[in-house]
Amino acid sequence: MKTDRRVAGRKEVEGILISDLTSITNYSVIAKSGRIVNASTSGFLVEINRKDLVPKTLRQNLNLESLLGQHVALYLPQMNLDLDGSVTRANHLGKGRFVIGVDFSYEVPEYWRACLVDLLPVPGEIT
């Protein structure tokens, strides 16, 4: 059985701020803010603090698996850019921190994703 998994090298990034992580699946804001901590041409990883989660049910729970498969959108204020994709994983790191893996939508061209990843700063690049 063939799976359609895109595999790409991950790039650790400076922690690009995001705002309004929104579920397009059910038209609700999931988190007020967070930061992208790594990215690749297939997707990105967003770190979110519990206090930034909007739905009370998510703030009171250590499990964000209800987000799996949801189509989401978010805004990068530093780059004036909207991104969207599907949630592929959601894990609790401990101490009120969560990571959410998002795969880019298939409509986003590969060259555009590669350019975006190249533009994202590595840790220490911006001082």
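Fair warning: this is a prediction, and the values are worked out from it, not measured in the lab.

Cut-offs and rules
- Counting starts from 1 at the beginning of each chain's written sequence and moves along it residue by residue.
- Under the rules for a predicted model, residues below a pLDDT of 70 receive no local features and side-chain atom pairs below 80 are neither given nor counted, while totals for whole chains, interfaces and linings still include all residues.
- Remark: hydrogens and water are excluded; side-chain values derive from all non-hydrogen atoms of the structure.
- In DSSP terms, a helix is any run of H or I states spanning at least four residues, a strand is any run of E spanning at least two, and both are numbered starting from the N terminus.
- In this analysis, two residues are considered to be in contact whenever any of their non-hydrogen atoms come within 4.5 Å of each other.
- Buried Ala, Val, Leu, Ile, Met, Phe, Trp, Tyr and Cys residues form a nonpolar core when they are joined through side-chain atoms within 4.5 Å.
- With a 1.4 Å probe rolled over the protein chains alone, any residue whose accessible area is under 20% of its type maximum counts as buried; one over 50% counts as exposed, and the rest are partly exposed.

A. Focus on the side chain of Glu47. Mapped onto the secondary structure, Glu47 falls in strand S3 (residues 43–49). Beyond its immediate stretch of four places on either side in the chain, Glu47 contacts Gly34, Arg35, Val37, Leu93, Arg97, Phe98 and Val99.

B. Summary view of the nonpolar core. Of all hydrophobic cores here, the largest spans 29 residues; its most connected members are Leu21, Ile36, Phe44, Leu83 and Ile100. Counting residues per element, the ones that place at least two in this core are strand S1 (11–23), strand S2 (28–39), S3, strand S4 (71–76), strand S5 (81–94), strand S6 (97–104) and helix H2 (110–119). Once residues within four sequence positions are removed from consideration, Ile100 is found in contact with Leu21, Phe44, Leu45, Val46, Ile48, Leu64, Leu67, Val87, Arg89 and Ala90.

C. Looking closely at the environment of Tyr27. Here Tyr27 shows up in the loop between S1 and S2. Along the primary structure Tyr27 and His71 are separated by 44 residues, whereas in three dimensions their C-alpha atoms are 9.8 Å apart.

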